[in-house]
There are 2 protein chains.
Amino acid sequence: MSAVIAETSLPLEDRGLAFGDGVFETVLVRDGRPMLWEAHLSRLKRGCRRLGIPLPAMEAISELPGRLGEGQHVLKLIVTRGSGGRGYMPPSSPEPNWRWLSVPFTPRASCWWEGVRIRQCDWRLAIQPALAGIKHMNRLENVMARREWTDPAVAEGLLCDTHGDLVEATSMNVFWQREGRLETPCLDQAGVAGTLREALMTRHPIKEVHCPPDILGQAEAVWVGNSVQGLWPVIRLDDMTGEALHQWSLGPIHKPLQVTAHSLLGYPLPAVSGA
Amino acid sequence: MSAVIAETSLPLEDRGLAFGDGVFETVLVRDGRPMLWEAHLSRLKRGCRRLGIPLPAMEAISELPGRLGEGQHVLKLIVTRGSGGRGYMPPSSPEPNWRWLSVPFTPRASCWWEGVRIRQCDWRLAIQPALAGIKHMNRLENVMARREWTDPAVAEGLLCDTHGDLVEATSMNVFWQREGRLETPCLDQAGVAGTLREALMTRHPIKEVHCPPDILGQAEAVWVGNSVQGLWPVIRLDDMTGEALHQWSLGPIHKPLQVTAHSLLGYPLPAVSGA
């Protein structure tokens, strides 16, 4: 994965580098058009507001995707509080820094159509309502959870918080259907509220719930997804030893949510069965 | 505060920059001699082990302080998991990066001899036993807590965790004497275990406790300190509105711990009263 176009570095004094004092977005860009762009910018602004970081000039940022040219890319955009201050104390008038990086991207199409195997993670996410939901740069917990397995057959890992409630996958949000109703974990205690999650919630009646991961045992269908890879049906959930806890058949039940997600992201739509 | 000597930046792909996937140390260096150096290196190694980051070659790092020349400096050393991997997933064989930065430093001597006023912070530290104690680069919580006040008369802010237990100050550890016994918060749930704290604990019988901040109301003496500033007696604790919750008289009771701390850091010793 090599960078094609990039502002290549940050100074060591930058607070984003020193303390993770900033936010970021990873955006799918197709032929210069950013997918779910308004949702990404909106979350970026929400994160900056939460952290008290002034917004950088958005004009230059808005022009970025158009500069990436043809093909599919992932654009990573970071906004930090910039340099200055004394230790943890921020400067009274921060001058934010922003940087970006773009890499060519090919989604894992087999995951869309064949579904994925996921696993439970041992790592528990800390409960921090004041930082929950935003995509800040303190992501050591996600890294530590993702270190738990290397088997490429396992596509994602499920994370609970220290109270035992289900939160998210290491880099995706989780959705399921139970007794005909769509649900997803409430992210007011931990986790990142994905832009795809937000877009799906405005288009389908998805209820946010606090619940243990056992709830998936009652689910008729489970998905994991994000705004870069799209939506993956889950066909098997393993425990930490690799034993299957639950299995689900891939079927028509998975399609409506996937149709919405892939329409939003410009990905191919699943064939409608019987059509 | 301008850098005098530095490796000046990190590439945007570095995982330390992207996710805070790394550890750091800030070391007091006097005339090229690093204070509490073994304790700093030991915590750095402990942090790398906890995160699964291979240690960089320590020879070059060991030579750093000697290159800073005369006078007092603070050396900031960071070690990251380097670049590579895919998203949160680290590379199977990480090649760690390390960088450093040095700034001239003058300690706040008046705080040693006149004591300091501190305040309670509204921010609550998340409980995360798997990361507690080490000095990792995910320090947004400390930044957010330090943003709560700007009055230079308030030297530090006290932090509790989401359970309500006292943990630390924003960039210092906390110590107190109660019924003649020295105590400090146990840092197995949150917080950074300072090198000065560690050094004091091997030289004085300091008990680690889990307790609410109200315990300071029963204290005969309170200190905050770290390996860069030394040890500050606390003479007043404010609530978040600036009202005094407790006050303590500066006295001989503060001296033994300060003598040990300042001997270790090469700072002036308090005059022994009556001597």
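Residues numbered from 1 in each chain as written. Chains lettered and ligands numbered in written order. Predicted model: local features only at pLDDT ≥ 70, side-chain atom pairs only at ≥ 80, totals over all residues. Heavy atoms only, no water.

Colleague: Mind showing me how you'd approach the state of the cysteines here?
Modeller: With the rule as written, the count across this model stands at zero disulfides over all chains. Take Cys111(A): it sits in no disulfide, and the sulfur closest to it among the cysteines is that of Cys121(A), at 16 Å. Assessed through its relative accessible area of 5%, Cys111(A) is described here as buried. No disulfide involves Cys160(B); its sulfur sits 8.7 Å from the nearest other cysteine sulfur, which is in Cys211(B). (Disulfide = S-S within 2.5 Å. Buried < 20%, exposed > 50% of the residue type's maximum accessible area, 1.4 Å probe, protein only.)

Colleague: I keep staring at the relation of the copies chain A and chain B and nothing clicks. Help me out?
Modeller: One copy of the chain maps onto the second through a rotation around an axis plus a translation along that axis. Mapping chain A onto chain B is achieved by rotating through 180° and translating by 0.0 Å along the same axis, at an RMSD of 0.0 Å. Expressed as a symmetry operation, the mapping of one chain copy onto the other fits a two-fold axis. Interface residue correspondence from chain A to chain B reaches 100%, placing this contact among same-surface, isologous pairings. (Least-squares fit on C-alpha atoms with pLDDT ≥ 70 in both. Contact = heavy atoms within 4.5 Å.)

Colleague: Honestly, the side chain of Arg81(B) in this entry has me stumped. Any pointers?
Modeller: Residue placement: Arg81(B) occurs in the loop between strand E5 (72-80) and strand E6 (97-104). Under the relative-accessibility criterion, Arg81(B) is labelled buried at 1%. (Helix = DSSP H or I, 4+ residues; strand = E, 2+ residues; numbered from the N terminus.)

Colleague: Help me out: how do you make sense of the pairing of strand E10 (residues 173-178) of chain B in this one?
Modeller: The side chains of a regular strand alternate, first on one face of the sheet and then on the other. Residues and elements named next belong to chain B. For E10, a buried count of six out of six residues is recorded, marking the element as mostly surrounded by other parts of the structure. Residues of E10 alternate between two faces, with Asn-173, Phe-175 and Gln-177 on one and Val-174, Trp-176 and Arg-178 on the opposite face, all of them buried. Here E10 pairs with strand E13 (residues 221-226) via five bridges, running antiparallel. Residue pairing for E13: Val-174 is matched across the bridge by Val-224. Relative to strand E11 (residues 181-185), E10 is paired through three bridges, and the arrangement is antiparallel. Note that in E11 the partner of Arg-178 across the bridge is Arg-181. (Pairing = 2+ DSSP bridges.)

Colleague: Got a minute to help me understand the pairing of strand E12 (residues 206-209) of chain A in this structure?
Modeller: Residues and elements named next belong to chain A. Examined bridge by bridge, strand E11 (residues 181-185) and E12 share four bridges and lie parallel to one another. Within E12, the position partnered with Thr-184 by the bridge is Glu-208. The parallel pair E11 and E12, bridged by helix H6 (residues 195-203), forms a crossover whose chirality is right-handed. (Right-handed = clockwise from strand over helix to strand, strands pointing away.)

Colleague: What's the story with the environment of Gly251(B) in this structure? I'm lost.
Modeller: Residue and element names in this part refer to chain B. With respect to the helices and strands, Gly-251 occurs in the loop between strand E15 (244-247) and helix H7 (255-265). For Gly-251, a relative accessible area of 17% corresponds to the buried category. Note: C-alpha distance between Gly-251 and Cys-211 (40 residues apart in sequence) is 25 Å.

Colleague: Help me out: how do you make sense of the pattern of salt bridges in this one?
Modeller: Any two side chains of opposite charge can pair, on the condition that their charged atoms come close. Residues and elements named next belong to chain A. Counting across every chain of the model gives 20 salt bridges over all chains. We note a salt bridge from Glu-148 to Arg-119, for which the minimum N-O separation is 3.2 Å. One end of the pair, Glu-148, is in the loop between helix H5 (140-146) and strand E8 (154-161); the other, Arg-119, is in strand E7 (residues 116-125), and 29 residues separate them in sequence. The closest approach of N and O atoms between Arg-181 and Glu-179, which form a salt bridge, is 3.7 Å. A relative accessible area of 57% places Glu-179 in the exposed class. Salt bridges linked by common partners bring Arg-117, Asp-151, Arg-236 and Asp-238 together as one network. (Salt bridge = Lys/Arg side-chain N within 4 Å of Asp/Glu carboxyl O.)

Colleague: I tried to follow the packing of aromatic side chains on my own but got confused; where do I start?
Modeller: Aromatic rings in a pair are described by how distant their centres are and how their planes are angled relative to each other. For the structure shown, the criterion picks out eight aromatic pairs over all chains. Ring plane angle 55° and centroid distance 4.9 Å describe the contact between Phe19(B) and Tyr88(B), whose orientation is recorded as tilted. Linking Phe19(B) in helix H1 (residues 15-19) with Tyr88(B) in the loop between E5 and E6, this pair joins segments that are 69 residues apart in sequence. Classification of Tyr88(B) by relative accessible area gives buried; the value is 9%. The positively charged end of Arg146(A) is found above the aromatic ring belonging to Trp149(A), 3.8 Å away from the centroid. (Phe/Tyr/Trp six-rings, centres within 6.5 Å; stacked < 30°, edge-to-face > 60°. Lys NZ or Arg CZ within 6 Å of the ring centre and 35° of its normal.)

Colleague: Even after reading the chapter, I still don't get the interface of chain A and chain B, so can you show me in this structure?
Modeller: How large an interface is tends to be reported as the accessible area lost when its parts come together. Contact with chain A, which involves 53 residues of that partner, is made by 53 residues of chain B. With both chains or domains summed, chain A and chain B bury close to 4300 Å², and 65% of this area falls on carbon and sulfur atoms. Among the residues of chain A in contact with chain B, Leu12(A), Tyr88(A) and Leu140(A) are the three that bury the most area, contributing 19% of the side total. At the boundary of chain A with chain B, the tally comes to zero salt bridges. For the pair chain A and chain B, the interface holds 15 residue pairs in polar contact (both at pLDDT 80 or more). At the level of elements, strand E2 (9-11), helix H1 (15-19), helix H2 (37-51), strand E5 (72-80), strand E6 (97-104), E7 and H5 of chain A are the ones that each hand at least two residues to the side of chain A that touches chain B. Considering every element that reaches the side of chain A that touches chain B, the biggest residue donor is H5(A), with six residues. Here the residues of the side of chain A that touches chain B sort into 25 nonpolar, 12 polar and 16 charged. Both E2(A) and strand E2 (residues 9-11) of chain B contribute to a ladder of three bridges, which runs antiparallel. (Buried area = accessible area lost by both parts, 1.4 Å probe. Polar contact = N/O pair within 3.5 Å; in protein donor to acceptor, adjacent residues only side chain to side chain. Nonpolar A, V, L, I, M, F, W, Y, C, P; charged D, E, K, R; others polar.)

Colleague: Any chance you could explain the domain arrangement of chain A here in plain terms?
Modeller: Residue and element names in this part refer to chain A. By the assigned domains, chain A splits into domain 1 (5-104) and domain 2 (109-265). Put simply, the middle of domain 1 and the middle of domain 2, counted by C-alpha atoms, are 25 Å apart. Contact with domain 1, which involves 23 residues of that partner, is made by 22 residues of domain 2. Scanning the region where domain 1 abuts domain 2 turns up 10 residue pairs in polar contact (both at pLDDT 80 or more). Taken together, the elements giving at least two residues each to the side of domain 1 that touches domain 2 come down to H1, strand E3 (22-30), H2 and E5. In terms of residue class, the side of domain 1 that touches domain 2 is made up of 11 nonpolar, seven polar and five charged. (Domains from an automatic or database assignment.)

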